[in-house]
Amino acid sequence: MDRIRNEAIRAKVTTAEQAAAYIQDGMTVGASGFTAIGYPKAIPAQLAKRAQAGERLGITLITGGNVGDELDGVLARAGVLRRRYGYQSNKDLRALINEDKVQYIDTHVSHVPYMLKNGYLGDIDVAVLEVAGVDEQGRLISTCALGIIDILAKYAKKIILEVNETVPAAVEGMHDVLTLERAPHTQIIPIVHPDDRVGSPYIPCDPDKIVAVVYTDGADVNQNLMAPDADMEAIASHVIRFLKGEMEAGRLPNPLPPFQSGVGGVANAVLMGLAKSDLENLSVYTEVMQDAVVALIDAGKVKSACGTALTISPAVRETFYARLEQYRGKIILRPQEISNAPEVIRRLGVIAMNTAIEADLAGNVNSTHIGGVSIMNGLGGSADYCRNSGLSIFSTASTAKGGALSCIVPHVTHVDHTEHDTEIIVTEQGLADLRGLSAYERAQRMIEQCAHPKFRPELRDYLKEARCKAKALHGIL
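Reference entry: report on the structure contained in this document. (Residues numbered from 1 in each chain as written. Predicted model: local features only at pLDDT ≥ 70, side-chain atom pairs only at ≥ 80, totals over all residues. Heavy atoms only, no water.)

**Quick notes on the sheet that holds strand 24 (residues 408–409)**
Within the open sheet, the three strands sit side by side as 18-17-24. Their pairing is mixed. The sheet terminates laterally at strand 18 (365–366) and strand 24, the two strands that pair on one side only. Pairing of strand 17 (residues 358–360) with strand 18 involves two bridges; the strand directions are antiparallel. Note on strand 18: the bridge partner recorded for E358 is N366. (Pairing = 2+ DSSP bridges. Helix = DSSP H or I, 4+ residues; strand = E, 2+ residues; numbered from the N terminus.)

So, in structure tokens, the structure goes:
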């Protein structure tokens, strides 16, 4: 009962089965969660149970980021999902999307709140929100992911709360919630330093919209990160050496601008490399904070870090939770509309580091599709940072499929980030600084610095043939 300090909301505690009855066929449902953290678990199980019992039940699901298998996977396998908005990473859902059995609309992370507020995706009939608790005024205390929970709380017609008691109550106070008004009344985001707090630790919520509250005790099921391999460590060393060179040349200040890092082993390895480097007084303004952010804080390299989700792997979660009081003043969780705001990213001159599936000789990057036709995950927030950052870095291994395929190609099969937005491409082979280069110069640098040696002859032949066919390479590369 300490989790729900508002008596009127406490009176709405019920079973997951009764709460799930508020969701009916054809509805649009919004759910909390970001990078498999803070997503509802009990209500999706009940929806799947109803569908498997023969009830006609199909919904549109909107989330801010990818969520765990207990939401996307359970609903996908039960045939409940008809339409899906927001980043996803579930293998069963991905299969249905690629078979055209679920309509998937990929969206920039910063755009999802805007689209919801303006009604571009229709009404949100029910929002299912996982929270750590509710304060005396009825305001919501989020878990370790904010995402679009503030937008859903404000704009959904009805709200179901899942109060997850496995999340330590000590997360209270870690959040900084600023919900922007709809245009043209959108206010300025007054963040001029990464650790500026500009909102409230709580999420405003109309108690009358809360129709049911369910207690849960299921832990988030995210993945342990791979230990950095030789390729990841090589990429990290190339990036760190480059950043040091930029500082020495006066093109980057000392201390460096804040870092943003994408999700996954390579991104985590780069930040781990920073923790082991001699760089000091670092800062983090990102979308997702992984294990390396905690390591940076522990190493004294970073005084504070902020993002919309804290995706700590199961391997270190217990230790992190045990020391949560120490981290609470150093980690800030913000709504994704703030963490991914182009205004703030540009003002802070963020160094953006994201991953690619493949990159081409012009510098175009594919982050989402295999072979140009099969969706992998989604665009996420990489473009929010890439387009607006002070410096944009994309990393990938030089080869895939055990070395059978080159990840540096003449033309990417799908363009997520154009040559106009990418500046640095790095593989384990080396780093290509593409700033200020012509089309031909970019192609040469990509081949000689980033491509695997066994694929360089073919790429050189392609470049030579392209030059012979046209007086200029623009449009051919």
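What follows continues from the structure just given.
**A few points about the pattern of salt bridges**
All chains considered together, the criterion is met by 27 salt bridges. Measuring nitrogen to oxygen at the nearest pair gives 2.8 Å for the salt bridge that ties R435 to D433. A relative accessible area of 30% means that R435 is categorised as partly exposed. Connected via shared salt-bridge partners are D69, R77, K91 and D92. (Salt bridge = Lys/Arg side-chain N within 4 Å of Asp/Glu carboxyl O. Buried < 20%, exposed > 50% of the residue type's maximum accessible area, 1.4 Å probe, protein only.)

**Brief notes about the side chain of D421**
Along the polypeptide, D421 turns up in the loop between strand 24 and strand 25 (424–427). Judged by relative accessible area, D421 falls into the buried class, the value being 17%. Discounting residues that sit within four places of it in the chain, D421 has contacts with C386, R387 and S392. (Contact = heavy atoms within 4.5 Å.)

**Considerations on the environment of G265**
Among the structural elements, G265 can be located in helix 9 (residues 265–276). The class for G265 is buried, based on a relative accessible area of 17%. Between the alpha carbons of G265 and Y327 there is a distance of 23 Å; along the sequence they are 62 residues apart.

Interpretation note: all reported values are geometric properties and have no functional meaning in isolation.
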